[in-house]
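# Structure at a glance
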Amino acid sequence: MAAFMMIACKIHDRDKFRAGYGQAVAPLVAQFGGEYLIVAPGAELLEGTLEGYASVAISKWPDKASAKKFWDSPEYAEVKKLREGIAEAEVLLVEAPA
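To keep things clear, this report deals only with the structure shown in the data block. (Residues numbered from 1 in each chain as written. Predicted model: local features only at pLDDT ≥ 70, side-chain atom pairs only at ≥ 80, totals over all residues. Heavy atoms only, no water.)

## So, the overall build of the protein
A count of helical and extended segments in the protein gives three helices and four strands. Going from the N terminus to the C terminus, the protein shows its helices and strands as β-α-β-β-α-α-β. Based on the C-alpha atoms only, the size of the protein along its principal axes is roughly 35 × 30 × 20 Å. Looking at the 98 residues of the protein, the share that counts as buried comes to 29%. Pairs at least 24 apart in sequence give 78% of the contacts found in the protein among residues at least 6 apart. Surface accessibility of the protein: about 6200 Å² in total, with carbon and sulfur atoms responsible for 55%. Distance from the positive charge centre (11 side chains) to the negative charge centre (14 side chains) of the protein: 4 Å. (Helix = DSSP H or I, 4+ residues; strand = E, 2+ residues; numbered from the N terminus. Buried < 20%, exposed > 50% of the residue type's maximum accessible area, 1.4 Å probe, protein only. Contact = heavy atoms within 4.5 Å. Areas by Shrake-Rupley, 256 points an atom, 1.4 Å probe, with all protein chains shown as cover. Lys, Arg positive; Asp, Glu negative; His and termini not counted. Charge placed at Lys NZ, Arg CZ, Asp CG, Glu CD.)

The structure is reproduced here in structure tokens:
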């Protein structure tokens, strides 16, 4: 059953983020079977505590195991380092109901 990874980011240096992490993560997501449904700045917080987390990415995966394989991979561990110090992220993974 399909799974969705939802990421809210607070980006401190958008140009550096896009040139490094943004360029490296997209092909890796595809390599592991995921696809981005949305990647966009400008999210508006209507409720909750994610003030300033205005960039959002939602990716779709064949299943939760595929998303976890990506997330736990050594390849992603290296790419993830590219956002250290320039972005903070909150990440959720959920399976679609049957």
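Following the structure, the description resumes.
## A word on the environment of serine 59
Tracing the sequence through the fold places serine 59 in strand β3 (residues 55-61). Sequence-wise, serine 59 and valine 25 are 34 residues apart; in three dimensions their C-alpha atoms are separated by 12 Å. Those residues in contact with serine 59 that sit more than four places away from it in its chain are Ala3, Phe4, Met5, Glu35, Tyr36 and Leu37.

## What about empty space enclosed by the protein?
Tallied over the full model, the rule gives one cavity of 30 Å³ or more. Computed from the structure, the largest cavity encloses a volume of approximately 50 Å³. The wall of the largest cavity is formed by Met5, Ile7, Tyr21, Val25, Val29, Tyr36, Ser59, Trp61, Phe70, Trp71 and Tyr76. Contributing elements (two or more residues each) for the lining of the largest cavity: β1 (3-11), α1 (14-31), β3 and α2 (64-71). Looking at the lining of the largest cavity element by element, the count peaks at three residues for α1. Of the residues belonging to the lining of the largest cavity, the class tally is 10 nonpolar, one polar and no charged. (1 Å grid on protein atoms, 1.4 Å probe; cavity = no way out; pocket = protein on both sides within 12 Å on 5 of 7 lines; lining within 4 Å. Points joined across faces, edges and corners; volume = space filled by probe spheres on them. Nonpolar A, V, L, I, M, F, W, Y, C, P; charged D, E, K, R; others polar.)

## Side note on the side chain of serine 59
Among the residues examined, serine 59 registers a relative accessible area of 4% and is labelled buried. A distance of 2.8 Å separates a polar atom in the side chain of serine 59 from a polar atom in the side chain of tryptophan 61. (Polar contact = N/O pair within 3.5 Å; in protein donor to acceptor, adjacent residues only side chain to side chain.)

In short, shape yes, function no, at least from these values alone.
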